[in-house]
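Chain and residue survey
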Amino acid sequence: MAAMSRDQYIQMIYDTDQHLTQLRVEKWLNLDLFSWQWWILVVLLILPWLIWWKYADKKRLPEIFIVGLMVLILSSYMDAILSELSLWNYHYWVIPYWPRLISADFSFIPVCFMLVYQKYRTWPSYLAANAVLAFLLAVPTEMILVWADIFQMNLWRSYYGIPIFFAMGILVRLLTQTLMKKQVQAL
């Protein structure tokens, strides 16, 4: 069999992508929409932000929001890459056109990190709280999502996420504190 041309590969990828999108939309309309799992994802998309707004330190809003945005970006990219590598996959989506697990990547995970960042202001207390958060996000949260049939681990084990979440927390705090110091120096 002869190798395909670049244009043939591009067309095949495009056609496959279109077919996959059509399958996702059909599945979503016929199975996901308004299922109890779908409602869980909707609640996880909205409720964390309501909780955050109620408890957010309004005097530090930009600083804390930077933490959330960085976590949102990091967790979304990690999720997209590791999903693409088939380490895991999702059985339910809030909307089939949105990122895979938008409820976690754009809401639950960033809000958890923002609340920890806000509450624990010294490095020792932050590191301890970050370790607990990393464990809670990686193990029980993923196990609940597996139990609810929202999340399926293929080549992934929940404890793999502990060092990733922990490192994310450290990186985000370092970057945020650096940005805030630069802002103060510029004033």
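Here, every reference points to the structure presented above.
Let me sum up the structure you'll find in this document.

Conventions adopted
Residues numbered from 1 in each chain as written. Predicted model: local features only at pLDDT ≥ 70, side-chain atom pairs only at ≥ 80, totals over all residues. Heavy atoms only, no water. Helix = DSSP H or I, 4+ residues; strand = E, 2+ residues; numbered from the N terminus. Expected span 1.5 Å × (residues − 1). Bend = angle between axes of the 7 residues up to and from the residue. Buried < 20%, exposed > 50% of the residue type's maximum accessible area, 1.4 Å probe, protein only. Contact = heavy atoms within 4.5 Å. Polar contact = N/O pair within 3.5 Å; in protein donor to acceptor, adjacent residues only side chain to side chain. Salt bridge = Lys/Arg side-chain N within 4 Å of Asp/Glu carboxyl O.

Glancing now at helix H2 (residues 36-55). Taking 1.5 Å per residue as the helical rise, H2 with its 20 residues ought to reach 28 Å, and the 28 Å between its terminal C-alpha atoms agrees with that figure. For H2, the principal kink sits at Leu44 and spans about 25 degrees; a proline, Pro48, occurs within the next four residues. Those residues of H2 that sit buried are Gln37, Trp38, Leu41, Val42, Leu45, Pro48 and Trp52. Packing partners of the buried residues in H2 comprise helix H1 (6-32), helix H3 (61-84) and helix H4 (102-119).

This part takes up the environment of Ser83. The residue Ser83 is located in helix H3 in this model. The spacing of Ser83 and Arg100 is 17 residues in sequence and 8.4 Å in space, taken between C-alpha atoms. Sequence-distant contacts of Ser83, defined by excluding residues within four places in its chain, comprise Trp88, Tyr90 and Arg100. A polar contact of 2.8 Å, which involves the side chain of Ser83, links it to the backbone oxygen of Asp79.

To continue, consider the pattern of salt bridges. Inspection of every chain in the model, using the stated rule, returns four salt bridges. As a salt-bridge pair, Glu63 and Arg60 come within 3.4 Å of each other at their nearest N and O atoms. For the pair Glu63 and Arg60, one class covers both residues: buried. As a salt-bridge pair, Glu84 and Arg100 come within 3.5 Å of each other at their nearest N and O atoms. With Glu84 in helix H3 and Arg100 in the loop between strand E1 (88-90) and H4, the pair connects residues that are 16 residues apart, well separated along the chain. Take Arg100: its relative accessible area is 23%, and that puts it in the partly exposed class.

Non-glycine residue Ser86 carries a positive phi angle of around 65 degrees. When you line up the elements, Ser86 lands in the loop between H3 and E1. Its identity is not glycine, yet Asp149 carries a phi of approximately 65 degrees, on the positive side. Considering the arrangement of structural elements, one finds Asp149 in the loop between helix H6 (140-147) and strand E2 (151-153). Looking at Asp149, the relative accessible area reads 35%, which means it is partly exposed.

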